[in-house]
Amino acid sequence: MRLTILAIIAIVITVVVMPQPASAQAPTETIKVRGCLVGTGPADATLWSLRGVSLPAPPAPPAAAAGGGRGAAGGRGGQGAPPADAAGRGAGGRGDGGGQPPAGGGGRGAGGGAPAAAAAPAPPPQPPVDLALNGLDLSPWRNMFVEVEGNLGPRPATGMRQFQVNSARSAYGECR
């Protein structure tokens, strides 16, 4: 029985802790990008391309856990004083009624917690890239600055990255 429980715990830890392969964008994730549309379209069997596209940054790594809180604190002390509570605050001691702390009485707790970790800096912006577009006839937007929404394909070894267009619209900007 114990061996079975340990095996299940080991499997869960292995699955949770194993690193996932990093990819810039999942192929099924829909994103919006803007750029200058160039090309002659499907009539000449040439691809539409979107020039000067800034792709969204890859997802940031998960944040570190927050630091600890205050250390345990002692109450005023005295006879029959209840223990400190779970939040690290000392319980109010009953004291001895004389207004003076008894010999060896309590005091303030030590600050034993570490400060919270600083947030990770934002990743630097990615350099502009060119994308090969397919999926829609984009001839109404030829040589215009457009915003397209769709799915980003895998990164090829050579050539432009594919982008499956779901929708397109004119956007404010200049083609240079």
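Coordinates for the structure precede this section.
What counts as what
Residues numbered from 1 in each chain as written. Predicted model: local features only at pLDDT ≥ 70, side-chain atom pairs only at ≥ 80, totals over all residues. Heavy atoms only, no water. Helix = DSSP H or I, 4+ residues; strand = E, 2+ residues; numbered from the N terminus. Buried < 20%, exposed > 50% of the residue type's maximum accessible area, 1.4 Å probe, protein only. Contact = heavy atoms within 4.5 Å. Pairing = 2+ DSSP bridges. Core = buried A, V, L, I, M, F, W, Y, C linked by side-chain atoms within 4.5 Å. Lys, Arg positive; Asp, Glu negative; His and termini not counted. Salt bridge = Lys/Arg side-chain N within 4 Å of Asp/Glu carboxyl O. Polar contact = N/O pair within 3.5 Å; in protein donor to acceptor, adjacent residues only side chain to side chain. Disulfide = S-S within 2.5 Å.

(A) Quick look at the overall build of the protein chain. Of the regular secondary structure elements, the protein chain holds 1 helix and 5 strands. For the protein chain, the proportion of its 176 residues judged to be buried stands at 19%. Residue pairs in contact within the protein chain that sit at least 24 positions apart in sequence constitute 66% of those at least 6 positions apart.

(B) Quick peek at the pairing of strand E2 (residues 48-53). In the sheet, strand E1 (residues 30-38) pairs with E2 via 3 bridges, with the strands oriented antiparallel. The partner of valine 38 across the bridge, within E2, is serine 49. Judged from the 4 bridges that link them, E2 and strand E3 (residues 129-134) form a sheet pairing that is antiparallel. Counted as the bridge partner of valine 53 is valine 129 from E3.

(C) Representation of the nonpolar core. Val33, Leu37, Leu50, Leu131, Leu133, Val148 and Phe163 are the most contacted members of the largest nonpolar core, which has 16 residues in total. Elements represented by at least two residues in this core include exactly E1, E2, E3, strand E4 (145-152) and strand E5 (161-170). With near-sequence residues (within four places) excluded, leucine 133 lies in contact with Leu37, Leu47, Trp48, Ser49, Leu50, Leu138, Phe163 and Val165.

(D) Region of the structure containing the side chain of arginine 161. In this fold, arginine 161 is placed in strand E5. Although arginine 161 is buried, it forms no salt bridge, and the closest oppositely charged side chain is glutamate 29 at an N-O distance of 9.7 Å. A polar contact of 2.8 Å, which involves the side chain of arginine 161, links it to the backbone oxygen of glycine 153.

(E) Spatial organisation of the state of the cysteines. Taken as a whole and judged by the stated rule, the model has 1 disulfide. Residue pairing for cysteine 36: its cysteine sulfur links by disulfide to cysteine 175, the two sulfurs lying 2.0 Å apart. On the sign convention where negative means left-handed, the S-S torsion of about 120° between cysteine 36 and cysteine 175 marks this disulfide as right-handed. Of this pair, cysteine 36 sits in strand E1 while cysteine 175 is found in the segment after E5, placing the two residues 139 residues apart along the sequence.

(F) Seen up close, unusual backbone geometry. A positive phi angle is found at asparagine 143, which is not glycine, with a value near 60°. With respect to the secondary-structure elements, asparagine 143 resides in the loop between E3 and E4.

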